[in-house]
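# Structural characterization, general
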Amino acid sequence: MPGLEQKQIDHLAAMMDERWAREFREIRSLFSATDEDRQQVTLGEGVDEATDDALLVKLSAVDDPLIRQNLQDVRDIAAARQRIAAGKYGECTDCGADIAYERLLAYPTAKRCIDCQREHETRKTGR
Ligand SMILES: [Zn+2]
């Protein structure tokens with residue numbers, strides 16, 4: 001499948017890298033805003049010293065809606081990076097069609113083509 005050109009993938013990967021860094025800055029600032037005790041309990045050690053990946057593992061146990069949203073975003077990015085590594089990035093995970101570059105520019109972590117995404121959302125809401 002021809003799919004995306006390498007330079008398009010590179011561009012989207014760079015967008016995701018920026019997003020990744022921003023999400024982790026937000027997560028860290030959310031944590032510095034929470035009280036020390038809780039930080040100690042949930043994380044055990046300094047948040048600032050942890051690598052992004054180590055932080056991600058620790059944060060899986062955290063039950064905070066704001067942090068959860070950030071976590072979902074970084075997980076989506078991690079999954080997209082895996083698809084890039086596997087050469088599957090830009091292919092719809094449902095039907096295997098190429099996902100339009102324009103769609104990926106708007107949603108670099110999109111894993112479905114627009115048709116399958118619509119169907120997925122219809123199923124999810126039960127309409
Ligand atoms: Zn599809």
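Model, not experiment: these values are computed from the prediction.

Cut-offs and rules
Residues numbered from 1 in each chain as written. Predicted model: local features only at pLDDT ≥ 70, side-chain atom pairs only at ≥ 80, totals over all residues. Helix = DSSP H or I, 4+ residues; strand = E, 2+ residues; numbered from the N terminus. Expected span 1.5 Å × (residues − 1). pLDDT = per-residue confidence, 0-100. Contact = placed C-beta atoms within 7 Å.

Attention now goes to the overall build of the chain. The secondary structure content of the chain amounts to six helices and zero strands. In the chain, the succession of helices and strands from N to C terminus is α-α-α-α-α-α.

Turning next to helix α4 (residues 65–85). Here α4 contains 21 residues, and its C-alpha end-to-end distance of 30 Å stays within 8% of the 30 Å for a straight helix at 1.5 Å per residue. Backbone geometry just after α4 places Gly87 at a positive phi near 75 degrees.

On average, residues of the chain carry a pLDDT of 85, and 83% of them reach 70 or more. Averaged pLDDT values over the elements of the chain bottom out at 53 in helix α2 (residues 36–43) and peak at 96 in helix α5 (residues 101–106).

Within the element layout of this structure, Tyr101 appears in helix α5. Along the primary structure Tyr101 and Leu12 are separated by 89 residues, whereas in three dimensions their C-alpha atoms are 9.3 Å apart. Beyond its immediate chain neighbours, meaning those up to four positions away, Tyr101 contacts Leu4 and Gln8.

A word on the environment of Ile27. Among the secondary structure elements, Ile27 is positioned in helix α1 (residues 6–33). With 32 residues separating them in the primary sequence, Ile27 and Leu59 have C-alpha atoms 9.3 Å apart. For Ile27, the contacting residues outside a window of four places in its chain are Leu59, Ile67 and Asn70.

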